Amino acid sequence: MAEIELKRISKGFLGGTVAALREMDLKIPDGAFTAVLGPSGCGKTTLLRIIAGLEQPDAGEVLIGGRVANHVPPPERNVAMVFQNYALYPHKRVFENIAIGLRLRRYPKEEIRAKVNEVSRILRIEDLMERYPKQLSGGQQQRVALARALVRKPEVFLLDEPLSNLDAQVRDSTRTELRKLFRELNATVLYVTHDQTEAMMMSDFLVVMDAGAIRQAGDPIHIYKEPGHRFVAEFIGTHRINTVAGRLENGRFKSTDGAIVLDTMIRKTGDVLMEIRPEHIAHGSREDITLEGETLLVEPMGPTNLVSVRVGENELKMFLSSPPRVGEPMRLSFSSRKAYFFEAQSGLRL
Amino acid sequence: MKVKKILFYLLIGSIFLYCLFPFAWTLQTALKPAEEVFRLPVSYFPETVSLQNLGDVFTRRPFGRYVLNSLIAGGAATVLTVWAASILAFRLRAMDLRRAMRIQRWFLAGAILPPALLVIPVFIVMKQLALVNNYLSLILSYTALNLPFALWMLHAAFRKLPRELDEAAVLDGFSSSAILYRIILPLSRPSLAVTAVLVFIFCWNEFILSLTLMPSQAMYTVPVGIALLSGASVYEIPWGEINAAVALTTIPIILVIAALQRWIIEGLTSGAVKG
């Protein structure tokens, strides 16, 4: 197992006109299941490819297990990667797909057979050994791709959106399986995804990326509770956080339309965004900040409903199990301690 | 509906006849005895089938030798062309598309020149290299002439393979030549087959260069050999033998296509449907 450290990594494409990564510093703990989360195009796959050695950084250092790996060729880095489209060799049978890495490293035949059998048992693909990749379902292909990575017992696993090609049901079960598998292996895993649910559920360590930079890294629950940047607050959470633009003056926040006013502990003056999660807004006047509004839309979600309420010129979303009818007036409240304030310009948390 | 169907088959039938008539005529002339070839009224089927012409081509003339020459020059040129083109196409694939296309266009610019225009300079060069009447002269010039086409075909085929395959292979420990020979080429078999067949047909049919570069009779290729078949006097043209030779000439092409048929059909239709 190994720790991964990136020091001031930069990478540009098209002759440096498009920056994929900007002076990124990151330390990934040894043995942690790390999720790298971000919207498409934020540079998360580039990050993975740089660690794998498939891409060279323009500047900065990559350390794997404490050793600088910049000039170590990919096969010698002892990392394995699972690609989004699996990249199985279509002309080779499953057994050969899994075994080929060991063969090229000149392992003895018996050992190869034993190792392949072991991982295929773990991943429950023993019966598929004689098939070609195109004769497998998506979930099976994915398992073969995993087996190909596992069989080499690498120090670091790099997984690039491995679940995104699976249908919802298989994805859910595979997610749980993957988590269990890697926990047992105690392996350092870097898992790239744009799905925040997946990232939250699976990771011990979460890295949120945006536009080639890390917005926040750390314990996923901590990131959910204490987002350090507007982007993080808006990206994490099953439902998008409510945003109210306004101004902060002498510790008092007032929304642009004047409908929402509350006192805060923040002694700062300027334009800000107040954000509050739907799950933190309650029906009635239970909490300290009470608002009056009108029901705009009710979206049933099964056990609960996502209700949009118009307050002044703002639209706030909240969860309610017994929703009012559309058009009815409604009273809602939230705790001022649950509201986040971000500087309007920089997006930084106040 | 039925009328439409009948019209359709009539049309197909006439196209079929139109295309195959010359070949059928060649075949039946080859099978006629000499006196029947010129007899009037014309007979559309030989009255007596004779293998005389087919035999004569081999016994009275070194036609076997011509076939061997063609097979050596065409076969070697095909192998060399496809090999060189796959290495080039593999390199081009690694580049970004714009740059690769620019390089590929330069190759194509070379292919714009008609081969007839190249005969004299090529002959002079081969003469200097002392390669006249040597298979190498044909092999090298055929390779040069076909390389742009083969490169075009293979580059397009290689581009269709996902990049992640190479990257997975790199991580598995494949060297870059192993990626080409063990992953890219096996997966591009249909395109390789189509390319090889078309290049081979070009070489097999090529006339003007082989006429110039292989002037001694023992080195004639099939098209040259047929063109220079002559009778006992200037006034006699041995039509029967010429047709026999032409008919025989098509056999290797048919065999090659039959052998590679599965892949050729795959190659011509690849990309037509997803999957």
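Residues numbered from 1 in each chain as written. Chains lettered and ligands numbered in written order. Predicted model: local features only at pLDDT ≥ 70, side-chain atom pairs only at ≥ 80, totals over all residues. Heavy atoms only, no water.

Novice: So what about the packing of helix α4 (residues 63-94) of chain B against helix α9 (residues 176-187) of chain B? Which residues, and what values?
Specialist: Residues and elements named next belong to chain B. Put simply, α4 and α9 touch, their axes get as near as 11 Å, and they point 105 degrees apart. Comparing the axis directions of α4 and α9 gives the class roughly perpendicular. Between α4 and α9, the residues in contact are Trp83, Ser86, Ile87, Phe90 and Arg93 and Ser176, Ile179, Leu180, Tyr181, Ile184 and Leu185, respectively. Its residues assigned to classes, the contact of α4 with α9 comprises eight nonpolar, two polar and one charged. (Axes fitted to C-alpha atoms, helices over the stretch in contact; angles between N-to-C directions. Helix = DSSP H or I, 4+ residues; strand = E, 2+ residues; numbered from the N terminus. Parallel < 35°, antiparallel > 145°, perpendicular 65-115°, else oblique. Contact = heavy atoms within 4.5 Å. Nonpolar A, V, L, I, M, F, W, Y, C, P; charged D, E, K, R; others polar.)

Novice: How would you explain the layout of surface pockets if you had to name every residue and give the values?
Specialist: Taken as a whole, the second largest pocket encloses approximately 530 Å³ of empty space. What lines the second largest pocket is a set of 20 residues, and nearest its centre among them are A:Arg49, A:Leu54, B:Ala94, B:Arg163 and B:Glu167. Classifying every residue of the lining of the second largest pocket gives eight nonpolar, three polar and nine charged. (1 Å grid on protein atoms, 1.4 Å probe; cavity = no way out; pocket = protein on both sides within 12 Å on 5 of 7 lines; lining within 4 Å. Points joined across faces, edges and corners; volume = space filled by probe spheres on them.)

Novice: Explain helix α10 (residues 189-205) of chain B to me, and be specific about the residues and the numbers.
Specialist: Helix length check: α10(B) (17 residues) gives 24 Å between terminal C-alpha atoms against 24 Å at 1.5 Å per residue, within 8%. Those residues of α10(B) that fall on the buried side of the exposure criterion are B:Pro190, B:Ser191, B:Leu192, B:Ala193, B:Val194, B:Thr195, B:Ala196, B:Val197, B:Val199, B:Phe200, B:Cys203 and B:Trp204. (Expected span 1.5 Å × (residues − 1). Buried < 20%, exposed > 50% of the residue type's maximum accessible area, 1.4 Å probe, protein only.)

Novice: With reference to specific residues and values, describe the pattern of salt bridges.
Specialist: Residues and elements named next belong to chain A. A full pass over the atoms with the stated rule returns 31 salt bridges over all chains. With a closest N to O distance of 3.9 Å, Lys11 and Asp58 form a salt bridge. Remark: Asp58 occurs in the loop between α1 (44-52) and β4 (59-64) and Lys11 occurs in strand β1 (residues 4-13); sequence separation between them is 47 residues. On the basis of relative accessible area, Lys11 is assigned to the buried category, the value being 10%. With a closest N to O distance of 2.8 Å, Asp172 and Arg175 form a salt bridge. Taken as a pair, Asp172 and Arg175 lie in helix α5 (residues 168-185) at a separation of three residues, close to a single helical turn. Using a relative accessible area of 40% as the deciding quantity, one classes Asp172 as partly exposed. Here the residues in one salt-bridge network are Arg230, Glu234, Arg240 and Glu275, joined through shared partners. (Salt bridge = Lys/Arg side-chain N within 4 Å of Asp/Glu carboxyl O.)

Novice: Help me get a handle on the packing of aromatic side chains, residues and values and all.
Specialist: Summed over all chains, the structure comprises 14 aromatic pairs over all chains. Ring geometry for A:Tyr89 against B:Phe174: centres 5.8 Å apart, planes inclined by 75 degrees, an arrangement best described as edge-to-face. Here A:Tyr89 is found in the loop between β6 (79-82) and α2 (94-104), whereas its partner B:Phe174 is found in the loop between α8 (163-172) and α9 on a different chain. When sorted by exposure, A:Tyr89 lands in the same class as B:Phe174, which is buried. A centroid spacing of 5.7 Å and a plane angle of 45 degrees characterise the contact between B:Tyr66 and B:Tyr220, whose relative ring orientation is tilted. Taken together, the residues B:Tyr66 in helix α4 and B:Tyr220 in the loop between α11 (208-213) and α12 (222-227) connect sequence positions 154 residues apart. Residue classification places B:Tyr66 among the buried residues on the basis of a relative accessible area of 2%. You can call B:Tyr220 buried: its relative accessible area is 13%. Put simply, the rings of A:Phe33, A:Phe157, A:Phe182 and A:Tyr191 pair up and form one aromatic cluster. Over the face of the ring belonging to A:Tyr89 we find A:Arg148, whose NZ or CZ atom lies 5.0 Å from the ring centre. Taking the ring centre of B:Trp25 as reference, the NZ or CZ of B:Lys32 above it sits at 5.2 Å. (Phe/Tyr/Trp six-rings, centres within 6.5 Å; stacked < 30°, edge-to-face > 60°. Lys NZ or Arg CZ within 6 Å of the ring centre and 35° of its normal.)

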